[in-house]
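Chain by chain, the residues:
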Amino acid sequence: MVESVLNIEGLKTYFFTEAGVVKAVDGISFNLKKGESLGLVGESGSGKTVTALSVLRIVPKPGRIIDGKVEYNGEDLLKKTEDEMRRIRGGEIAIIFQDPSSSLNPVYSIESQLSDVIRAHQNVSKDETREKVIEILTMVGLPEAETRINEYPHQFSGGMKQRVAIARALACEPTLLFADEPTTNLDVTIQAQVLDLLNDLKKKFGMSLVMITHDMGIIANMTTRVVVLYAGSVCEIARTHDLFAYPRHPYTEALLAAVPRLDMRKTLRVIPGNIPNLIEPPSGCRFHPRCDYATETCKKVIPVLEEVGPEHFVACHEWRNIRLKGEMTHSE
Amino acid sequence: MRQAPSWKYPFGTSGIGTDVFSEVIHGTKYALYVGILVTAITMGISILIGAIAGFYGGWVDTILMRITEVFLVFPALLLILVFVRIFSLTAAEPFWIIPLINIQIPAGLTIVILILGVFNWASNARMIRGEFLRVRELEFTEAEKALGASNLRIIFRHILPNILSSIIVVSSLTIAYAILLEAAVSFLGFGDPNTITWGQILQENFSDARVVWWAEFFPGLAILFTVFGFNLLGDGLSDALNPRLRE
């Protein structure tokens, strides 16, 4: 078995707001193997981003990690000191944020933003840093990197800014990269370019990648395994192909049915209702109020992850009794 | 004795025969000392308090802002007058020398400067706190944190430069306001009687103002131009420092 880079167990991150305790991440467990591309999928507010921020321990106030284990290469990150974490952030684990136009500091040139990161983590001279900056910017496909490094973020287009943000995240060659909806704010054509770039760079550096998105298309193209999150807990973990072909959780089925397809004439199915209030989540299975297959048990008992196939886990009481429709009804 | 403005005495002479032009020129130095030093003290305190309150938020913010409000609601001029009167009696040395830059400042004026600085930071601190709150919410502070920057680094290297243009504008307004305030303190007779500041000239010639109008008019004009000039400077600098307007 391939060793895991990241092993999250029972992670709980709550936000202590004035309205009450928001259980944004409530007992999430999954692991990430070395060199793997893992998808983290779910609706807005399902806890995808908070999970990533919890791993880096940069959950914004009033959020706090309450419980759980986050093992990175066998060491629990939640037990590290703030100093040790600072060295890990950006150096070993990096994250790319959703909005490239606000994730770069507007008052610094591209060069100083990248060299800042490099010099924070590595002991290199000024000239070397500059060379490295140019090298990495060329690698992410920034044309005329030598001259453009003196420019400021507002002089770049959205796609170029995201490339710079990617370059900054990769400047210290991290072993684990979180990409938090890196293409949500980009045009479709640029999206494809950025995703290709991420794929190439992942191979080049041998990184493990966690792709956070709500776009099932990106999941299908970019990942080998998927974790489906709903309202702060894991519904299903499966290999990407299995997830699309044989979803076991009603929520996964509903997610797949909500993806528009050009090759099939079908009406898009909408998942009724909204993601539940995380201050007082529904009892039992959190999905039961929106689930077509819900029974009395679902209302009372919280389902646990059960192994239903090779590397396929689902948290559903009814998985034995229901037949769900996948994307590909007959195997390829 | 007193003479109207002429080629020899461009600003005229005062009731006791002093040359108003020389006095105004001499006062310029003190006006700049007052403006710059008061602003340095004020901005030092307000950046520290505003940054901590805005960045950390929560109970730290609550406590610091309540303290700030205490300073805001007190009638500053009154307090300044009281404290200047109390402390100016205690000045032992005739001059105080500022370390590093080796500038000599009359002791009485130093006390006025210190007190003006200590009592004027509140509204600036509130403004800087607001700016920190705004910039702290931008994604790049989170991104910097994710790249391994410490809180101090985020505050001083990433957030502060982003609000520099507001700080500069406010600083130049504070310089202007400090000069005005010192003039007011001196005019009311609470200034350093051994230092010829513009306010001091106004105060000394006030009783003869109807006759020697020039001894009031020209120092007043000097204050007006200086205050106006610092306001313009602030505007210009804020444009020059904005990377969006830079080619």
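Residues numbered from 1 in each chain as written. Chains lettered and ligands numbered in written order. Predicted model: local features only at pLDDT ≥ 70, side-chain atom pairs only at ≥ 80, totals over all residues.

For chain B, the count of helices and strands is 10 helices and 2 strands. Along chain B, helices and strands appear, N-terminal first, in the series α-α-α-β-β-α-α-α-α-α-α-α. The proportion of buried residues among the 247 residues of chain B is 45%. (Helix = DSSP H or I, 4+ residues; strand = E, 2+ residues; numbered from the N terminus. Buried ≥ 20, exposed ≤ 12 C-beta atoms within 10 Å, placed from the backbone.)

Counting its secondary structure elements, chain A contains 12 helices and 12 strands. Its C-alpha atoms give chain A a radius of gyration of 21 Å, within 12% of the compact-globule value 20 Å for 332 residues. Viewed in the frame of its principal axes, chain A has a C-alpha envelope of about 65 × 50 × 45 Å. Summarising the internal contacts of chain A: among those between residues at least 6 apart in sequence, 65% fall at separations of at least 24. (Rg over C-alpha atoms; globule rule 2.2 N^0.38 Å. Contact = placed C-beta atoms within 7 Å.)

With that settled, the discussion passes to the pairing of strand E9 (residues 225-230) of chain A. Residue and element names in this part refer to chain A. Of all 6 residues in E9, 6 are buried, a share of seventy percent or more. Here E9 shows two buried faces, one formed by Arg-225, Val-227 and Leu-229 and the other by Val-226, Val-228 and Tyr-230. As paired elements, strand E3 (residues 37-41) and E9 share 4 bridges and run parallel to each other. When the bridges of E9 are listed, Val-41 appears paired with Val-228. (Pairing = 2+ DSSP bridges.)

Let's shift gears to the interface of chain A and chain B. Across the boundary between the two partners, chain A contributes 24 residues, which contact 17 residues of chain B. Among the elements of the structure, helix H2 (82-88), strand E6 (93-96), helix H3 (100-103) and helix H4 (110-121) of chain A are those that each provide at least two residues to the side of chain A that touches chain B. For the side of chain A that touches chain B, the leading source of residues is H4(A), giving 3 residues. A per-class count over the side of chain A that touches chain B returns 11 nonpolar, 7 polar and 6 charged. (Nonpolar A, V, L, I, M, F, W, Y, C, P; charged D, E, K, R; others polar.)

What follows is about helix H10 (residues 213-241) of chain B. Since the α-helix advances by 3.6 residues per turn, residues separated by three or four positions end up pointing in the same direction. All names here are of chain B. Across its 29 residues, H10 extends 42 Å between first and last C-alpha, which sits within 8% of the 42 Å expected from 1.5 Å per residue. Of the positions making up H10, those classed as buried are Trp-214, Ala-215, Glu-216, Phe-218, Pro-219, Ala-222, Ile-223, Thr-226, Val-227, Phe-230 and Gly-234. The elements touched by buried residues of H10 are helix H1 (20-56), helix H8 (164-187) and helix H9 (198-205). (Expected span 1.5 Å × (residues − 1).)

This part takes up the sheet that holds strand E5 (residues 75-76) of chain A. Residue and element names in this part refer to chain A. Taking strand neighbours across the sheet as the criterion, the 4 strands line up as E2-E1-E4-E5 in an open arrangement whose pairing is antiparallel. Each of the sheet's edge strands pairs with one partner strand only, and the pair in question is strand E2 (20-33) and E5. Examined bridge by bridge, strand E1 (residues 4-17) and E2 share 11 bridges and lie antiparallel to one another. Looking across to E2, one finds that Lys-12 is bridged to Asp-26.

Moving on: the environment of Ile218(A). Residues and elements named next belong to chain A. Here Ile-218 lies in helix H9 (residues 216-222). On the neighbour-count criterion, Ile-218 (22 C-beta atoms within 10 Å) is buried. Separated by 177 residues in the primary sequence, Ile-218 and Val-41 place their C-alpha atoms 9.9 Å from one another. In this structure Ile-218 touches Leu-195, Met-211 and Thr-213, once residues within four positions along its chain are discounted.

On to helix H2 (residues 58-73) of chain B, then. End to end, H2(B) covers 23 Å across 16 residues, agreeing with the expected 22 Å (1.5 Å per residue, within 8%). Where burial is concerned, little of H2(B) is hidden: 1 out of the 16 residues are buried.

Quick look at unusual backbone geometry now. All names here are of chain A. Cis geometry marks the peptide bond from Lys-61 to Pro-62; its omega dihedral reads 0°. With respect to the helices and strands, the residue Pro-62 is situated in the loop between helix H1 (48-55) and strand E4 (63-72). Its identity as a non-glycine residue notwithstanding, Asn-73 has a phi of 50°, on the positive side.

With that settled, the discussion passes to the environment of Thr13(A). Residues and elements named next belong to chain A. Inspection of the secondary structure assignment puts Thr-13 in strand E1. Its 23 C-beta neighbours within 10 Å are what place Thr-13 among the buried residues. Sequence spacing of Thr-13 and Asp-67 is 54 residues, and the spatial spacing of their C-alpha atoms is 7.3 Å. Once residues lying within four places of it in the same chain are set aside, the contact partners of Thr-13 are Ala-24, Val-25, Val-50, Ser-54, Val-59, Gly-63, Arg-64, Ile-65 and Ile-66.

Backbone-to-backbone hydrogen bonds join strands into a sheet, with any given pair of strands oriented parallel or antiparallel. Residues and elements named next belong to chain A. The strand order across the open sheet built from 8 strands is E6-E7-E8-E3-E9-E10-E12-E11, with neighbouring strands paired in mixed fashion. Every other strand in the sheet has two partners, leaving E6 and strand E11 (306-309) as the edge strands with one partner each. Going across the sheet, the axis of each strand differs from the next one's by a mean of 20°, ignoring polarity. The pairing of E9 with strand E10 (residues 233-239) spans 6 bridges and is classified as antiparallel. Bridge pairing links Val-228 to Glu-236 in E10. Against the sheet, helix H7 (residues 158-170) makes contact with E6 and strand E7 (176-180), and its axis sits at roughly 170° relative to E6, the strand it touches most. (Axes fitted to C-alpha atoms, helices over the stretch in contact; angles between N-to-C directions.)

Residues and elements named next belong to chain A. Across 3 bridges, E11 lies against strand E12 (residues 312-314) in antiparallel orientation. Note that in E12 the partner of Glu-306 across the bridge is Val-314. Linking two consecutive strands that pair antiparallel, namely E11 and E12, is a turn of 2 residues; a positive phi of about 55° is found at Glu-311 within it.

Here we take up the nonpolar core. Grouped together as the largest cluster of nonpolar side chains are 116 residues, with contacts concentrated most on Ile95(A), Ala167(A), Val210(A), Met211(A) and Val227(A). If you tally residues by element for this core, the top one is H7(A), at 7 residues. Here Val227(A) is in contact with Phe30(A), Leu38(A), Gly39(A), Leu40(A), Val234(A) and Ile237(A), once residues within four sequence places are set aside. Core analysis: the next-biggest nonpolar cluster, separate from the first, contains 41 residues, Val38(B), Leu116(B), Leu181(B) and Val227(B) among them. (Core = buried A, V, L, I, M, F, W, Y, C linked by C-beta atoms within 7 Å.)

Residues and elements named next belong to chain A. Locating Val-234 in the fold gives a position in strand E10. C-alpha of Val-234 to C-alpha of Ala-315: the two residues are 81 residues apart in sequence and 7.2 Å apart in space. Those residues in contact with Val-234 that sit more than four places away from it in its chain are Ile-28, Ser-29, Phe-30, Val-227, Leu-229, Leu-305 and Ala-315.

In this section: the packing of helix H6 (residues 139-146) of chain B against helix H7 (residues 151-159) of chain B. Residues and elements named next belong to chain B. The contact between H6 and H7 brings their axes to 11 Å, and the two run at 130°. Classified by the angle between their axes, H6 and H7 sit oblique to one another. The way H6 lies across H7 gives a crossing that is right-handed. Contact residues: Phe-140, Thr-141, Glu-144 and Lys-145 in H6; Ile-154, His-158 and Ile-159 in H7. Looking at side-chain class alone, the contact of H6 with H7 contains 3 nonpolar, 2 polar and 2 charged residues. (Parallel < 35°, antiparallel > 145°, perpendicular 65-115°, else oblique. Left-handed = near helix turned anticlockwise from the far one by under 90°.)

Turning our eyes to something else, we now look at the confidence of the model for chain B. Per-residue confidence for chain B gives a mean pLDDT of 87, with 96% of residues at or over 70. Both scores are given for the predicted complex: the pTM is 0.80, the ipTM 0.79. (pLDDT = per-residue confidence, 0-100.)

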